[in-house]
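The lines below spell out each chain.
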Amino acid sequence: MIEGKGLGGKKIHRVNLSLTNKQAFKLNRLATACNMKPTTLAAVLIEKGLNDDRLVSMLQKEHCTEKAYRVVLVNNNGELNYVLSGREDIT
């Protein structure tokens, strides 16, 4: 599918998220403070997290078990693109 083609700017990929009661409470409180719906705030948090090179690197250091599947972040006009390294020797 061509991104954005005929969609009128609509978001089309849904992610079902399960939160603990404590996380849901924090999300609801922050959403209220930011005058947003919790789902909208969750989407903003995910978008910002995926575009934060330090956070992505930290998550990969903590959770990436196969170095061949690590993503290499490539800055393309201010937007981070993800490219699979495909190499075992990436640290």
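See above for the structure.
First, a word on what this report is: a plain description of the structure on this page. This is a predicted model, so every value here is computed, not measured.

1. A few points about the environment of Y69
Next up, step 1: Tracing the chain through its elements places Y69 in the loop between α3 (53–63) and β1 (71–76).
Next up, step 2: Classification of Y69 as exposed rests on a relative accessible area of 58%.

2. Points about a nonpolar patch on the surface
Next up, step 1: On the surface, V15, L17, L19, I46, L50 and Y82 cluster together into a nonpolar patch covering about 560 Å² of accessible area.
Next up, step 2: Its location among the elements puts L17 in the segment before α1 (21–33).

3. Observations regarding unusual backbone geometry
Next up, step 1: A positive phi angle, near 55°, is found at N35, a position not held by glycine.
Next up, step 2: Mapped onto the secondary structure, N35 falls in the loop between α1 and α2 (38–50).

4. Some remarks on the pairing of strand β2 (residues 79–84)
Next up, step 1: Pairing of β1 with β2, which is carried by six bridges, proceeds in the antiparallel orientation. Its bridge partner being in β2, V72 is matched across the sheet by V83.
Next up, step 2: What sits between the antiparallel neighbours β1 and β2 is a turn of two residues, in which N77 has the positive phi angle 55°.

5. Quick word on the packing of α1 against α2
Next up, step 1: As a packed pair, α1 and α2 sit with axes 9 Å apart at the nearest point and diverge in direction by 95°. Taken as axis vectors, α1 and α2 run roughly perpendicular relative to one another. Of the residues in α2, those in contact with L27, N28, L30 and A31 of α1 are P38, L41, A42 and L45.
Next up, step 2: Across the contact of α1 with α2, the residue classes break down as seven nonpolar, one polar and no charged.

6. Regarding α2
Next up, step 1: In a regular helix each residue adds 1.5 Å, so 13 residues correspond to 18 Å; α2 covers 18 Å between its end C-alpha atoms and thus fits that length.
Next up, step 2: For α2, the complete set of buried residues consists of L41, A42 and G49. The arc enclosing the buried residues of α2, seen along the axis, measures out at 105°, which places them on a common side.
Next up, step 3: Contact partners of the buried residues in α2: α1 and α3.

7. Remarks on the side chain of Q60
Next up, step 1: Within the secondary structure, Q60 is located in helix α3.
Next up, step 2: Polar side-chain contacts of Q60 include one of 2.7 Å to the backbone nitrogen of V71.
Next up, step 3: When sequence neighbours within four positions are dropped, the list of residues in contact with Q60 reads R70 and V71.

Calculation criteria
Each chain carries its own residue numbering, running from 1 in the direction its sequence is written. Reporting of local features is limited, given that this is a predicted model, to residues whose pLDDT is at least 70; pairs of side-chain atoms are given and counted only at 80 or more, and all residues count toward the totals for whole chains, interfaces and linings. For the side-chain quantities, the full set of heavy atoms in the structure was used; hydrogens and water were omitted. Labels follow the DSSP assignment, with helices taken as runs of H or I lasting at least four residues and strands as runs of E lasting at least two, numbered in each case from the N terminus. For every residue, the accessible area (1.4 Å probe, protein chains only) is compared with the maximum for its type, and the residue is labelled buried under 20%, exposed over 50%, or partly exposed between those bounds. Only residues above 30% relative accessible area that lack a salt bridge enter a patch, with like-charged residues linked at up to 9 Å and the nonpolar side chains Val, Leu, Ile, Met, Phe, Trp and Tyr linked at up to 5 Å. All accessible-area figures derive from a Shrake-Rupley calculation using a 1.4 Å probe, and residue coverage is judged against the displayed protein chains alone. Salt bridge, as used here, is a side-chain nitrogen of Lys or Arg placed within 4 Å of a carboxyl oxygen of Asp or Glu. Two strands pair if DSSP finds at least two bridges between them. Here an axis means a line fitted to C-alpha atoms, over the contact stretch when the element is a helix, while the angle between two N-to-C directions is reported on a 0 to 180 degree scale. Each angle is binned into one of four classes, with values under 35 degrees roughly parallel, values over 145 roughly antiparallel, values of 65 to 115 roughly perpendicular, and all other values oblique. Throughout, a contact is declared for two residues whenever any of their heavy atoms are within 4.5 Å. Only Asp, Glu, Lys and Arg are considered charged, only Ala, Val, Leu, Ile, Met, Phe, Trp, Tyr, Cys and Pro nonpolar, and every remaining residue, Gly among them, polar. In this scheme, a helix's expected span is set at 1.5 Å multiplied by one less than its residue total. Summarising the geometry, the arc corresponds to the directions from the helix axis toward the C-beta atoms. Residues adjacent in sequence count toward polar contacts only when both atoms are side-chain atoms; beyond that, a polar contact is any pair of N or O atoms within 3.5 Å, and within protein one must be able to donate a hydrogen and the other to accept it.

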